[in-house]
Every structure is written in structure tokens, then in C-alpha cells.
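Each chain is listed here by its residues.
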Amino acid sequence: MKLFEGLTQYRPQALGVLRIMTALQFIEHGSQKLFNFPASAEPHALTGLTTVAGILEFAGGILLALGLFTRPVAFLLAGEMAIAYFMAHFPRGFFPVNNGGDLAISFCFIFLYLIFAGSGAFALDNRRSA
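What counts, and at which threshold
- Residues numbered from 1 in each chain as written.
- Predicted model: local features only at pLDDT ≥ 70, side-chain atom pairs only at ≥ 80, totals over all residues.
- Heavy atoms only, no water.
- Phe/Tyr/Trp six-rings, centres within 6.5 Å; stacked < 30°, edge-to-face > 60°.
- Helix = DSSP H or I, 4+ residues; strand = E, 2+ residues; numbered from the N terminus.
- Buried < 20%, exposed > 50% of the residue type's maximum accessible area, 1.4 Å probe, protein only.
- Axes fitted to C-alpha atoms, helices over the stretch in contact; angles between N-to-C directions.
- Left-handed = near helix turned anticlockwise from the far one by under 90°.
- Contact = heavy atoms within 4.5 Å.
- Nonpolar A, V, L, I, M, F, W, Y, C, P; charged D, E, K, R; others polar.

Trainee: Explanation requested: the packing of aromatic side chains in the structure shown.
Mentor: Tallied over the full model, the rule gives nine aromatic pairs. Considering the side-chain rings of phenylalanine 26 and phenylalanine 107, the 4.8 Å spacing of their centres and the 70 degrees angle between planes classify their relative orientation as edge-to-face. On the criterion of sequence distance, the pair formed by phenylalanine 26 in helix 2 (residues 11-35) and phenylalanine 107 in helix 6 (residues 102-117) is long-range, its members being 81 residues apart. According to the relative accessible area criterion, phenylalanine 26 is buried, its value standing at 1%. On the basis of relative accessibility, which here comes to 5%, the residue phenylalanine 107 falls in the buried class. On the numbers, 5.4 Å between centres and 80 degrees between planes, the contact of phenylalanine 35 with phenylalanine 58 is edge-to-face. Taken together, the positions of phenylalanine 35 in helix 2 and phenylalanine 58 in helix 3 (residues 48-66) put the pair 23 residues apart, joining distant regions of the chain. Among the residues examined, phenylalanine 58 registers a relative accessible area of 25% and is labelled partly exposed.

Laid out in C-alpha cells, this is it:
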């Protein structure tokens, strides 16, 4: 449609905003696991697996927000979310809306997209390659 063709020029900026906003949400999950911030009604017990997940989410989210090492970090985080879905959510039921896994699936596929699309605008990766 002609109406939307002009938006194509803003694709790098839209990708950058998607990366940053997804990373900021992901950082919250890591900081909640590691530091209970923002405060949760049911704080996570810091087992070995929860600690690793928290570190990946917090540190990986920061790297993604900055757009630094976007593709390899997105690869690690997509894998983490796939593992989280199949370990924590899928055993509770088949449908993601019922097993609470819809967010893990969404994160996983956004990270998969970032592997292929790159960091977009507003990324430190763009300065490293220049």
C-alpha cells in the first residue's frame, strides 16, 4: 500500500526502538530475580539456575539496550527463553496463555529476530563496525 511505503525509511529506527524497549523489560526480569527490584510479592529463591537466569537477563538486557554484541547476546537470550519455556511453562499445560509462557515465547522470537536483523539504529555495534 502506498500509504505505508514511506515508513520503510524508518526501519532501522523502529528496530532500534524494539531492541531497546525489549531489553528494558528484560532487565526488569533479571533485576527482580537478583535484587528483588522491582519488589515482587513472591521473591525468587536464588538457586543456581535462577541466579544464572537472572545474570543472563540483567547483563544481557543491558548489552542489548546499549546495542553492544547484539547478535551473539540475542542468540544466548533466545536460547535461555526457549529453555525457560520448556522447563518452567510447558509442563504446566500445552497452551501458552494458560501455562504463563506467552512472554517467554515472545522474548524468544524477538531475540531470534534480532539475531538476523541486527541491532538497528541507536546501537554501539554501529560504532564498532565504522
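Trainee: So what exactly am I meant to see when it comes to unusual backbone geometry here?
Mentor: Most peptide bonds adopt trans geometry, and most residues besides glycine take a negative phi value. Of note, the bond from phenylalanine 37 into proline 38 is cis; its omega dihedral lies within 30 degrees of zero at -5 degrees. Structurally, proline 38 can be placed in the loop between helix 2 and helix 3. The backbone phi angle of asparagine 36 is positive, close to 50 degrees, even though this residue is not glycine. Take asparagine 36: it is sitting in the loop between helix 2 and helix 3. A positive phi angle is found at phenylalanine 69, which is not glycine, with a value near 55 degrees. Note on placement: phenylalanine 69 falls in the loop between helix 3 and helix 4 (70-89). For phenylalanine 69, a relative accessible area of 38% corresponds to the partly exposed category.

Trainee: I keep staring at the packing of helix 3 against helix 4 and nothing clicks. Help me out?
Mentor: Each pair of packed helices can be described by the angle between their axes along with the distance between the axes. Interaxial distance between helix 3 and helix 4 falls to 10 Å at its minimum, and their mutual angle equals 145 degrees. Taken as a pair, helix 3 and helix 4 cross one another with a handedness that is left-handed. Mapping the contact onto sequence places Leu49, Ala53, Leu56, Glu57, Gly60, Gly61, Leu63 and Leu64 in helix 3 and Thr70, Val73, Ala74, Leu77, Glu80, Met81 and Met87 in helix 4. In terms of residue class, the contact of helix 3 with helix 4 is made up of ten nonpolar, three polar and two charged.

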